[in-house]
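Residue strings, one per chain:
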Amino acid sequence: MPKAYVHTRHGGPETEAFAEVARPVPGPGELLIAVRAAGVNPVDWKLRGGFRRPGEGEAHFPAVLGSEAAGVVEETGEGVTGFAAGDEVFGNTPGGAFAEYALLTASLTAHKPAALSFTDAATLPVAGATAYDGVRQLDLPEGATLLVTGAGGGVGAAVLQIAHAWGLRVVGVASEAKKELVESLGAVHVPSGPGLADRVRAVVPGGVDGVYDLVGGEVLAEAAGLLADRTKLITAGAPPETVAALGGARVARARTAAVLDEVAELVVAGELDPHVSQTFPLDRADEALRAVEDGHALGKIVIEVAI
């Protein structure tokens, strides 16, 4: 039977396990793919802990971990058009990605350009698209200054590059260990930690025009104080009610195949490097998830599935 990495109940890493699972059967509007790569994201361990996305029902266990994947179409479900067996694709999965086979939602799946590797493609449905949606949502004019908190992670690295490509001046908040990465992506680095606002003001005396937060908590609150217009405050790191109380909003995810096409084209054009810093085979999926959950990963972590 196909192998997968699952969690057996809500909780911490102790709930995770490798398992043999039945090969999924695509339902209406779904694709079955042979997974070649799966991106690892903070949302994966949050879902394991009990977090549910808006509109999602309760989890059914064992639940396969992972939210984004790239691979080769094996079967198509009822009503699916535009895809056929053998197509190379990438997209969001409703049923887990850390596995040899996964289901993708056809409306959230794109064809993988030949110039895009499976490994890079697997980083785009969650991290790449979240970055793209947020920068577009802020709609800052060319030359404006964008502050990005949590700038050294997978989403943050993508935000820095997309904003830079769209003509924004970018300031990235990250640990000293991630300074080299942040600066290599065209941003001014500001060390994270208490006193953040003062350090940002020292770098940008004229203030910032927008904030893209990926951390939440006190970091979000301090960054919000740097803005004159709180409608230019967005977060992917805090609950809607928290950011609303500060006058901002959550990142509004478009969740369309068209966005995936656009993000893939940025990679092919050389304007976005997914910056995959580490890859792990499927049988080391536990190590891959720990690398992200510990919060010290540079850029993106990807699980690769051997053919």
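Residues numbered from 1 in each chain as written. Predicted model: local features only at pLDDT ≥ 70, side-chain atom pairs only at ≥ 80, totals over all residues. Heavy atoms only, no water.

Let's talk about the sheet that holds strand β10 (residues 169-174)
Read from one edge to the other, the open sheet built from 6 strands follows the order β11-β10-β9-β12-β13-β14, with strand pairing classed as parallel. Both outer strands of the open sheet, β11 (188-191) and β14 (249-250), are each paired with one neighbouring strand and no more. Pairing of strand β9 (residues 145-149) with β10, which is carried by 5 bridges, proceeds in the parallel orientation. When the bridges of β10 are listed, valine 148 appears paired with glycine 172. Sheet contacts for helix α3 (residues 124-138): β9, β12 (210-213), β13 (233-235) and β14; angle to β12, the most-contacted strand, approximately 155 degrees. (Pairing = 2+ DSSP bridges. Helix = DSSP H or I, 4+ residues; strand = E, 2+ residues; numbered from the N terminus. Contact = heavy atoms within 4.5 Å. Axes fitted to C-alpha atoms, helices over the stretch in contact; angles between N-to-C directions.)

Thoughts on the packing of aromatic side chains
Inspection of the entire model under this criterion finds 2 aromatic pairs. Between tyrosine 5 and phenylalanine 18 the ring centres are 4.5 Å apart and the planes differ by 50 degrees, which places this aromatic pair in the tilted class. Of the two residues, tyrosine 5 is situated in strand β1 (residues 3-7) and phenylalanine 18 in strand β2 (residues 16-20); the sequence distance between them amounts to 13 residues. Taking relative accessible area as the criterion, tyrosine 5 reaches 4% and is therefore assigned buried. Taking relative accessible area as the criterion, phenylalanine 18 reaches 42% and is therefore assigned partly exposed. Residues tyrosine 132 and tryptophan 166 carry aromatic rings whose centres are separated by 5.4 Å and whose planes lie at 75 degrees to one another, so their mutual orientation is edge-to-face. Residue tyrosine 132 is located in helix α3, and its partner tryptophan 166 is located in the loop between α4 (154-165) and β10; the two are separated by 34 residues in the primary sequence. When its relative accessible area of 34% is taken as the criterion, tryptophan 166 is described as partly exposed. Here the guanidinium or amino end of lysine 46 rests over the ring plane of tryptophan 45, the centre of that ring lying 5.8 Å away. (Phe/Tyr/Trp six-rings, centres within 6.5 Å; stacked < 30°, edge-to-face > 60°. Buried < 20%, exposed > 50% of the residue type's maximum accessible area, 1.4 Å probe, protein only. Lys NZ or Arg CZ within 6 Å of the ring centre and 35° of its normal.)

Concerning the sheet that holds β1
Spatially, 3 strands are ordered β2-β1-β4 in an open sheet, and the strand pairing comes out antiparallel. A strand with exactly one partner marks an edge of an open sheet, and here the two such strands are β2 and β4 (63-64). Those strands touched by helix α10 (residues 285-293) are β1 and β2, and its axis lies near 150 degrees from that of β2.

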